[in-house]
Amino acid sequence: QVQLVESGGGLVQAGGSLRLSCAASGSGFSINAMGWYRQAPGKQRELVAVIASGDSTNYADSVKGRFTISRDNAKNAVYLQMGSLKPEDTAVYYCYVRVGWGHNYWGQGTQVTVSS
């Protein structure tokens with residue numbers, strides 16, 4: 001019922017920046033929270049950042065101060081501005097939404113690769 005389209009991933013050198021975008025489309029839903037998770041090869045999927053309906057935010061300690069999450073409620077979109085990127089940030093990044101009836105939706109993922 002809800003589809004997520006991600007964009008903005010790519011290859012960047014350490015210290016560089018990228019901006020990820022995700023837009024939700026569909027009908028008959030309201031969004032409680034949106035965010036980003038990531039999964040590196042051989043590692044569990046982990047929370048990167050989440051923004052709730054009241055615009056409160058949570059960040060993983062590893063990205064705090066470097067990444068900024070924001071949302072555009074009119075467009076049902078969420079963004080992740082990533083700065084001071086490190087090789088440890090290399091992962092597939094997944095957009096996440098939680099809708100009003102409690103169901104979770106995931107984007108297809110976008111690859112972020114940070115070289116030394």
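What counts, and where the lines are drawn
- Residues numbered from 1 in each chain as written.
- Predicted model: local features only at pLDDT ≥ 70, side-chain atom pairs only at ≥ 80, totals over all residues.
- Heavy atoms only, no water.
- Helix = DSSP H or I, 4+ residues; strand = E, 2+ residues; numbered from the N terminus.
- Salt bridge = Lys/Arg side-chain N within 4 Å of Asp/Glu carboxyl O.
- Buried < 20%, exposed > 50% of the residue type's maximum accessible area, 1.4 Å probe, protein only.
- Core = buried A, V, L, I, M, F, W, Y, C linked by side-chain atoms within 4.5 Å.
- Contact = heavy atoms within 4.5 Å.
- Phe/Tyr/Trp six-rings, centres within 6.5 Å; stacked < 30°, edge-to-face > 60°.
- Lys NZ or Arg CZ within 6 Å of the ring centre and 35° of its normal.
- Disulfide = S-S within 2.5 Å.

### Considering unusual backbone geometry
For D55, which is not a glycine, the phi torsion comes out positive at approximately 70 degrees. By the secondary structure assignment, D55 is in the loop between β5 (46-52) and β6 (57-59). Despite not being glycine, N76 has its phi angle at roughly 50 degrees, a positive value. Counting through the fold element by element, N76 comes out in the loop between β7 (67-72) and β8 (77-82).

### With respect to the pattern of salt bridges
Tallying each qualifying case throughout the model produces five salt bridges. One salt bridge connects E46 with R38, and the closest N-O pair in it is separated by 2.8 Å. A relative accessible area of 6% means that R38 is categorised as buried. Between R66 and D89 there is a salt bridge, with its nearest N and O atoms 2.9 Å apart. With a gap of 23 residues between them, R66 in the loop between β6 and β7 and D89 in the loop between β8 and β9 (91-99) connect regions that are remote in the sequence. Taken together, the shared-partner salt bridges connect R38, K43, E46, R66 and D89 into one network.

### Quick notes on the nonpolar core
W36, L80, M82 and Y93 are the most contacted members of the largest nonpolar core, which totals 30 residues. Counting only elements with at least two residues in this core, the list comes to β1 (2-7), β3 (18-26), β4 (31-39), β5, β7, β8, β9 and β11 (110-115). When neighbours within four sequence positions are excluded, M82 is seen to be in contact with G16, S17, L18, L20, R66, F67, Y93 and V112.

### Quick notes on the packing of aromatic side chains
Under the definition given, this model contains three aromatic pairs. A centroid spacing of 5.5 Å and a plane angle of 70 degrees characterise the contact between Y37 and Y96, whose relative ring orientation is edge-to-face. Residue Y37 is found in strand β4, and its partner Y96 is found in strand β9; the two are separated by 59 residues along the sequence. Note on Y96: relative accessible area 7%, which makes it buried. One cation-aromatic arrangement involves R19 over Y79; the distance from NZ or CZ to the ring centre is 4.3 Å.

### Some remarks on the state of the cysteines
By definition, a disulfide is the covalent link that joins the sulfur atoms of two cysteine residues. All told, the structure shown has one disulfide when counted by the stated rule. The partner cysteine of C22 in its disulfide is C95, sulfur to sulfur 2.1 Å. On the sign convention where negative is left-handed, the bridge of C22 and C95, at about -85 degrees about the S-S bond, is left-handed. One end of the pair, C22, is in strand β3; the other, C95, is in strand β9, with 73 residues separating them in the sequence. By relative accessible area, which is 0% here, C95 ends up buried.

### Some thoughts on the environment of G35
Within the fold, G35 resides in strand β4. As for G35 and Y59, which are separated by 24 residues in sequence, their C-alpha atoms are 9.7 Å apart. Those residues in contact with G35 that lie beyond four places of it in its chain are A49, V50, I69, Y94, C95 and Y96.

Interpretation in functional terms is not warranted from these geometric data alone.
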